[in-house]
Amino acid sequence: GSVRSRRGQPGHPRRRPRIPAMAPRADNDNLHVAHVAELPNASQCGISGPRAGVVYTGSADGPVLSWSPSDGKASICVERPRDKPASAVCLVNGTDLWVGGVAGDLTAYTVRGADGKPKKAVAKVKGFVAHAKGVNCVKQIVGKINTFVVTGGADKHVRVWTVDGKPHAASAHHGGAVTALVVFKEKNNQPAAVWSGGADGKVYAWKDEKGDSAIDGKSGKVLTGPGKGGVTAMCVNPDDTETWVGYEDGRIRVFARDTGAVKNDNSMHSKAVTCLVPMGDHVWSASLDHLVVAWDARTKSTVFILPDQGGSVRDMCRVGWSMWVMNDKCINIWAAASNERELRGRVKAINEELDGEKTAREAEAKRAADEKDRLETQLAEAREQAKKDREDAKKELENTRAKANFQLATAKATAKRVKEGLENELKELGDSKEKALTDAKQAAESEEARLKEQAEREKSLADEYAQGIKDRAAADIKQLQDQLEEERRARSGLEAAGADSDAATKMLAQERDDLRKDLADVRKKLNEEEERAALLAKQKDELALAKEASEAELRADAEEAARKAADAIAALERRAGNAEARGDELQTNLDQSQADKADLEKRLAAEKDEHAAARDA
């Protein structure tokens with residue numbers, strides 16, 4: 001029943017006879033436990049697979065073995081060098097075996113298929129250095145969203161990895177090698193937690209408040225041990241409320257999960273406690289002193305002590321109904337009554353759960369029957385209501401259609417009347433506009449002709465008057481010139497005759513003054529006539545300006561009349577557009593009514609189909 005090997009080849013366990021399964025040793029009179037088998041292999045660590053179908057152990061001489069619990073046969077799962085054996089193993093997600101080595105390496109292998117059956121190991125995560133020194137412990141963290149792997153190493157670090165081997169978090173909160181880890185699941189409003197124990201004698205309790213498994217060295221709580229010895233083993237009690245911690249000096253201390261308070265201290269081992277494992281309602285402890293002690297998980301009292309295991313115990317793992325105890329020489333398999341009691345408790349709980357499910361199913365069946373009756377009643381009511389709704393909808397649709405047709409006919413007649421009225425008004429406005437423009441043009445032309453004629457007449461009179469003045473002035477000037485010429489001739493005659501008398505001189509002076517006076521009068525009259533001519537020219541200009549102003553006023557009146565006519569035409573056109581829009585709106589309402597009718601008919605058909613389907617169901 002042992003692993004087949006050739007003597008002298010390193011890395012393979014020697015072949016030894018296997019004790020038949022379920023054959024208790026004769027020297028054991030303890031009714032609480034029975035020795036079942038002994039497997040010849042020196043293993044340092046082990047883990048049980050799902051449903052106890054396989055056990056994986058790390059051999060002291062190198063390879064990782066897979067064991068069949070039913071017949072004790074073993075095969076090599078993972079090859080490893082003799083000088084670099086596995087120091088810790090953990091099964092993640094039920095399919096991947098994570099193996100940590102004494103050299104600090106960490107590798108993940110897929111050992112089970114999607115169907116849950118064992119398969120040949122295939123490396124999933126290539127080996128990498130996880131810790132500067134050996135990997136002492138490996139545990140799985142099942143988070144709210146993702147699964148992680150936490151490891152403790154001899155380099156004093158706790159590290160968290162993703163399932164594909166990528167670093168997620170790290171903490172160096174211990175002053176010595178990290179030797180043990182436990183993981184709490186979220187329970188009874190208590191968050192998930194990771195506790196670590198170290199060679200420095202301290203236990204670090206960290207609560208995963210955020211649910212991200214990102215452990216740190218600041219938010220946790222440090223718990224001290226009973227002495228100076230370092231932590232060598234840890235486990236969670238069966239109901240997940242306590243942490244059992246074993247120390248280098250053989251002592252065991254129990255801490256409360258929620259507060260970290262010390263609940264119990266015991267000392268039954270003379271050497272370091274190497275492992276702690278819950279077994280039913282007991283907790284088993286093993287030590288380098290070759291002993292295995294079973295403790296009552298509730299009272300913390302000793303239940304029994306197993307005899308010498310034949311070597312220092314390195315690890316233990318629970319495999320279904322049995323406990324596999326691994327020492328320096330062999331693997332001892334024990335069956336315990338505590339496990340039977342737990343199984344009976346599980347069976348009772350399952351039976352109670354089944355009874356509860358049966359009662360729940362019966363109640364559910366009754367509720368289903370009541371619900372069926374209620375639904376049938378509702379279906380009948382729904383059918384009646386649907387029939388009534390169809391009749392009402394049909395009547396409403398007919399009324400709506402008649403109303404819409406009447407409104408459309410009314411709107412069309414109104415639009416026609418409005419259109420005819422607008423056309424007549426537009427025609428009248430066109431005729432009025434043309435007549436007003438013609439009258440304004442004729443009035444402007446008549447006024448222009450009158451003003452032109454008046455201006456020409458006044459210009460002619462002014463020209464005639466000015467010419468008369470010029471003619472009279474010219475005659476007067478000529479007369480004065482003739483008189484002056486006569487006076488010059490008379491004076492010349494007098495001078496020639498030699499009549500140089502004072503009387504003649506005075507007469508000539510008097511005549512000269514008279515002539516000068518007459519000339520001044522003529523010039524004054526000439527100036528007056530020129531001023532009158534200038535006044536007439538000014539009046540002529542004013543008449544021209546008045547003519548222009550009159551023409552501008554006539555043009556403005558004509559333009560105002562044209563603008564008013566255009567405004568009236570635009571108003572009439574707007575009224576025509578509004579009438580057309582109203583007609584379009586009524587047409588749209590009619591179309592919508594028809595669409596509503598079609599939609600209502602579809603809904604009625606769908607309800608009819610739904611009722612038919614419900615009736616068939």
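Residues numbered from 1 in each chain as written. Predicted model: local features only at pLDDT ≥ 70, side-chain atom pairs only at ≥ 80, totals over all residues. Heavy atoms only, no water.

Quick notes on a negative patch on the surface
So, step 1. There is a patch of like negative charges on the surface, built from Asp513, Asp514, Asp518 and Asp521.
So, step 2. Among the residues examined, aspartate 518 registers a relative accessible area of 35% and is labelled partly exposed. (Patch = residues over 30% accessible without salt bridge, like charges linked within 9 Å, V, L, I, M, F, W, Y side chains within 5 Å. Areas by Shrake-Rupley, 256 points an atom, 1.4 Å probe, with all protein chains shown as cover. Salt bridge = Lys/Arg side-chain N within 4 Å of Asp/Glu carboxyl O. Lys, Arg positive; Asp, Glu negative; His and termini not counted. Charge placed at Lys NZ, Arg CZ, Asp CG, Glu CD. Buried < 20%, exposed > 50% of the residue type's maximum accessible area, 1.4 Å probe, protein only.)

Regarding the sheet that holds strand β8 (residues 105-112)
So, step 1. Taken in spatial order, the 4 strands of this open sheet run β6-β7-β8-β9, and their pairing is antiparallel. Every other strand in the sheet has two partners, leaving β6 (86-92) and β9 (118-129) as the edge strands with one partner each. With strand direction ignored, the average angle separating the axes of adjacent strands in the sheet is 20°.
So, step 2. As paired elements, β6 and strand β7 (residues 96-101) share 6 bridges and run antiparallel to each other. Of the residues in β7, the one forming a bridge with alanine 86 is glycine 101. (Pairing = 2+ DSSP bridges. Helix = DSSP H or I, 4+ residues; strand = E, 2+ residues; numbered from the N terminus. Axes fitted to C-alpha atoms, helices over the stretch in contact; angles between N-to-C directions.)

Side note on the packing of aromatic side chains
So, step 1. All told, the structure shown has 4 aromatic pairs when counted by the stated rule.
So, step 2. A ring pair is formed by tryptophan 67 and tryptophan 324, whose centres lie 6.1 Å apart and whose planes are at 75°; its orientation type is edge-to-face. Of this pair, tryptophan 67 sits in strand β4 (residues 64-67) while tryptophan 324 sits in strand β27 (residues 322-327), and the two are 257 residues apart along the sequence.
So, step 3. Judged by relative accessible area, tryptophan 67 falls into the buried class, the value being 1%.
So, step 4. According to the relative accessible area criterion, tryptophan 324 is buried, its value standing at 1%.
So, step 5. Seen from their ring centres, phenylalanine 128 and tryptophan 161 are 5.0 Å apart, and the 65° between their planes marks the pair as edge-to-face. On the criterion of sequence distance, the pair formed by phenylalanine 128 in strand β9 and tryptophan 161 in strand β12 (residues 158-162) is long-range, its members being 33 residues apart. (Phe/Tyr/Trp six-rings, centres within 6.5 Å; stacked < 30°, edge-to-face > 60°.)

Structural notes on the side chain of serine 87
So, step 1. For serine 87, the location among the structural elements is in strand β6.
So, step 2. Of note is the side chain of serine 87, whose polar atom sits 2.4 Å from the backbone oxygen of valine 135. (Polar contact = N/O pair within 3.5 Å; in protein donor to acceptor, adjacent residues only side chain to side chain.)

Some points on the sheet that holds strand β16 (residues 202-207)
So, step 1. Sheet architecture is open: 4 strands sit in the order β14-β15-β16-β17, paired in antiparallel fashion. Unpaired on one side and paired on the other, β14 (178-184) and β17 (221-224) mark the two borders of the sheet. Averaged over all pairs of adjacent strands, the angle between their axes in this sheet comes to 20°, without regard to strand direction.
So, step 2. One ladder, built from 5 bridges, connects strand β15 (residues 193-198) with β16; its direction is antiparallel. Each residue of the ladder has a partner; that of valine 194, found in β16, is tryptophan 206.

Observations concerning the pairing of strand β21 (residues 262-267)
So, step 1. Looking at chain direction, strand β20 (residues 251-256) and β21 are connected through 5 bridges and run antiparallel. Following the sheet pairing, arginine 251 is matched in β21 by serine 267.
So, step 2. Where β20 folds back on β21, the antiparallel hairpin that results is connected by 5 residues, among which glycine 260 adopts a positive phi of roughly 80°.

Here's the deal with the side chain of asparagine 264
So, step 1. Within the fold, asparagine 264 resides in strand β21.
So, step 2. Looking at asparagine 264, its side chain comes within polar contact range of the side chain of asparagine 266, at 2.5 Å.
So, step 3. Ignoring any residue separated from it by four or fewer positions in sequence, one finds asparagine 264 in contact with Ile252, Arg253, Val254 and Lys300. (Contact = heavy atoms within 4.5 Å.)

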